[in-house]
Amino acid sequence: MIPNTSKRRQICLAAASAGAALALTACGGEADSPVAADSPDYSAAVEAAPPPLSALYADGPAIVEGELAAYEDQIAALHGYPIVVNKWASWCGPCRAEFPHLQEQAAAHADEVAFLGVNSDDSTAAAETFLRENPVPYPSISDPDKVIASALASVEFPTTVFYDKTGGIVHTQPGPYSSEEELAADIERYALGS
């Protein structure tokens, strides 16, 4: 027979383990973070993209260093095209859940809308691993210290920011899109002006 103190210790350890697993899940850990098994075919949209968008998509899902300066340069280079910017992190459960919606919409609109990621408060190695498993045709600017996020007044993970063709922010969506249809509607409304 196990002494009463030992039983109590075992119960406490079991409860602590269950609590830690629950906390990881509630805080967006990988337990509730689906990873897309298949990504869409981006080739048709990327091949049809005009030169400034083709240049954006040339390196695929790369993590680009340079923080705010690189971000501002990229936004300036895309003047004349609507832009959808998604701030995300590999550790963020809601970001991971939303990512397939971005993949599908990039496949549908990469020839007319510039898509750009901001990988914020994350390690480059973790972000690159995530993107290998969940490829997109567009790069993400590294934002390890949340400088870009701060400039965008973006606190929530994820956040999606829509720019019009003149480079002005026309809409910010804090938090995840719960469906592809929601994201598609906002792309039509804010990026394409339909």
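This text follows the structure it describes.
A. A look at the packing of aromatic side chains. All told, the structure shown has six aromatic pairs when counted by the stated rule. When the centroid spacing of 4.9 Å and the interplanar angle of 75° are considered together, the rings of Phe-99 and Phe-130 count as edge-to-face. Taken together, the residues span a long stretch of sequence, with Phe-99 in helix H5 (residues 93-109) and Phe-130 in helix H6 (residues 124-133) at a distance of 31 residues. When sorted by exposure, Phe-99 lands in the same class as Phe-130, which is buried. Judged by centre distance (5.9 Å) and plane angle (25°), the rings of Phe-115 and Tyr-138 are stacked.

B. Region of the structure containing the packing of H5 against helix H8 (residues 180-191). H8 packs onto H5 with a crossing angle of 40° between their chain directions and a minimal axis gap of 9 Å. Judged by the inter-axis angle, H5 sits oblique to H8. By crossing handedness, the relation of H5 to H8 is classed as right-handed. Touching His-101, Leu-102, Glu-104, Gln-105 and His-109 of H5 are Glu-180, Leu-183, Ala-184, Ile-187 and Glu-188, all from H8.

C. Region of the structure containing the pairing of strand E3 (residues 114-120). With respect to burial, E3 is a largely interior element, seven of its seven residues being buried. Residues Ala-114, Leu-116, Val-118 and Ser-120 point to one face of E3 and Phe-115, Gly-117 and Asn-119 to the other, with burial holding for every one of them. For the segment spanning E3, H6 and strand E4 (residues 140-143), crossover handedness is right-handed.

D. Local environment of the nonpolar core. In this structure, Tyr-71 and Val-85 are the most contacted members of the largest nonpolar core, which totals 44 residues. Broken down by secondary-structure element, the contributors of at least two residues to this core are helix H3 (51-57), helix H4 (67-77), strand E2 (83-88), H5, E3, H6, strand E5 (159-163) and H8. It is H5 that provides the largest number of residues to this core, a total of five residues. If sequence neighbours within four positions are ignored, Tyr-71 has contacts with Val-85, Leu-116, Val-118, Ile-141, Ile-148, Leu-152 and Tyr-163.

E. Representation of the environment of Gly-193 within the structure. Within the fold, Gly-193 resides in the segment after H8. By relative accessible area, Gly-193 is classed as exposed at 61%. Distance from Gly-193 to Asp-164, taken between C-alpha atoms, is 8.4 Å for residues 29 residues apart in sequence.

F. Quick look at H8. Between the first and last C-alpha of H8 there are 15 Å, a value that for 12 residues agrees with the 16 Å anticipated at 1.5 Å per step. Residues Leu-183, Asp-186, Ile-187 and Ala-191 constitute the buried set of H8. The buried side chains of H8 occupy one side of the element, clustering within an arc of 105° when seen end-on. Contacts made by the buried residues of H8 are with E2, H5, E3, E5 and strand E6 (169-174). Backbone geometry just after H8 places Gly-193 at a positive phi near 65°.

G. Up close: the environment of Pro-137. In this structure, Pro-137 sits in the loop between H6 and E4. On the basis of relative accessible area, Pro-137 is assigned to the buried category, the value being 6%. It is 8.4 Å that separates the C-alpha atoms of Pro-137 and Phe-115, two residues lying 22 residues apart in sequence. When residues no more than four places from it in sequence are discounted, the contact partners of Pro-137 are Tyr-42, Val-46, Tyr-57, Gly-60 and Ala-106.

The rules behind these values
- Residues numbered from 1 in each chain as written.
- Predicted model: local features only at pLDDT ≥ 70, side-chain atom pairs only at ≥ 80, totals over all residues.
- Heavy atoms only, no water.
- Phe/Tyr/Trp six-rings, centres within 6.5 Å; stacked < 30°, edge-to-face > 60°.
- Helix = DSSP H or I, 4+ residues; strand = E, 2+ residues; numbered from the N terminus.
- Buried < 20%, exposed > 50% of the residue type's maximum accessible area, 1.4 Å probe, protein only.
- Axes fitted to C-alpha atoms, helices over the stretch in contact; angles between N-to-C directions.
- Parallel < 35°, antiparallel > 145°, perpendicular 65-115°, else oblique.
- Left-handed = near helix turned anticlockwise from the far one by under 90°.
- Contact = heavy atoms within 4.5 Å.
- Right-handed = clockwise from strand over helix to strand, strands pointing away.
- Core = buried A, V, L, I, M, F, W, Y, C linked by side-chain atoms within 4.5 Å.
- Expected span 1.5 Å × (residues − 1).
- Arc of directions from axis to C-beta.

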